[in-house]
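Structural description and commentary
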Amino acid sequence: MTKNYGKEKWAVIKFDARISDKEKFKISNYGRILNCKGANEQLVKVSFINGYQNLPLKQQVNGKSTSRYVHKLVAEHFLERKPDDVYVIHLNYDKKDNHVSNLKWATKAEKENHQFTNPEYLATPRKRTYSKLSEAKVKLIKRKIFDPNRRTRLKMIARQFGISEMQLYRIKSGENWSSVTDY
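Residues numbered from 1 in each chain as written. Predicted model: local features only at pLDDT ≥ 70, side-chain atom pairs only at ≥ 80, totals over all residues. Heavy atoms only, no water.

Our focus in this paragraph is the environment of Arg 81. Structurally, Arg 81 is set in the loop between α1 (70-78) and β8 (87-90). Taking C-alpha positions, Arg 81 is 6.3 Å from Trp 105, a pair spaced 24 residues apart along the chain. Sequence-distant contacts of Arg 81, that is, excluding residues within four places in its chain, are made with Val 86 and Trp 105. (Helix = DSSP H or I, 4+ residues; strand = E, 2+ residues; numbered from the N terminus. Contact = heavy atoms within 4.5 Å.)

Structurally, the position occupied by Thr 117 is in the loop between α2 (108-116) and α3 (119-123). For the pair Thr 117 and Tyr 93, spaced 24 residues apart in the sequence, the C-alpha separation amounts to 9.4 Å. With residues up to four places along the chain from it excluded, the contact list for Thr 117 reads Tyr 93 and Leu 122. Only 2.8 Å separates the side chain of Thr 117 from the side chain of Tyr 93, close enough to count as a polar contact. (Polar contact = N/O pair within 3.5 Å; in protein donor to acceptor, adjacent residues only side chain to side chain.)

Counted by the stated rule, this structure contains four aromatic pairs. Relative to Phe 25, the ring of Phe 15 lies with its centre 6.4 Å away and its plane at 90°, an arrangement referred to as edge-to-face. Taken together, the positions of Phe 15 in the loop between β1 (10-12) and β2 (25-28) and Phe 25 in strand β2 put the pair 10 residues apart, joining distant regions of the chain. Phe 25 gets classed as buried once you look at its relative accessible area, which sits at 5%. The ring of Trp 105 carries Arg 81 above its face, with NZ or CZ at 3.9 Å from the centroid. Note that Lys 96 overlies the ring of Phe 48, its terminal NZ or CZ placed 5.5 Å from the centroid. (Phe/Tyr/Trp six-rings, centres within 6.5 Å; stacked < 30°, edge-to-face > 60°. Buried < 20%, exposed > 50% of the residue type's maximum accessible area, 1.4 Å probe, protein only. Lys NZ or Arg CZ within 6 Å of the ring centre and 35° of its normal.)

As a further point, take the sheet that holds strand β7 (residues 65-69). If you trace the three strands from one edge of the open sheet to the other, you get β5-β6-β7, paired in antiparallel fashion. Because the sheet does not close on itself, it has two edges, and the strands there are β5 (47-49) and β7. Strand-to-strand, the axes of this sheet are offset by a mean angle of 55°, without reference to chain direction. Where α1 meets the sheet, it contacts β6 (52-58) and β7, and its direction lies at approximately 60° from that of β7. (Pairing = 2+ DSSP bridges. Axes fitted to C-alpha atoms, helices over the stretch in contact; angles between N-to-C directions.)

Pasting the structure below:
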């Protein structure tokens, strides 16, 4: 038998119809899971997907492997849910902390607001990863475009950098890459 923490409560996990009837587990409000298939109940080995703890399971129909997130299972069994709540968020932003006091049901808007207030997200520097151009290339383009003695047509500059003329006009007008000012 597994030793309980103080005020730890256990609930038998009720899975959806897609999960095999042979899957028998208990979950605690601390996010721990007991395997109840054999004679002795044992703690399940912890595994993660995308940083979230998950529970590997078998499907009902074809017996293929699937899984369920532990934080969502804890919320389903120990937290009150409003009709429009779909997501479960970690209040302290720690994906591994599945204690019921750290979880909350949320709407899509609440989840997104929570994600964008994450200190880890706010601390990461933002880069333009979607762009063909680097900041150095844009500085060079702006130098060429705004050169008073320029003889090269814009079409040729666009071809030289592998971009469209429209992109070049957007850079020139400041619609794109307006953050690059010193060139």
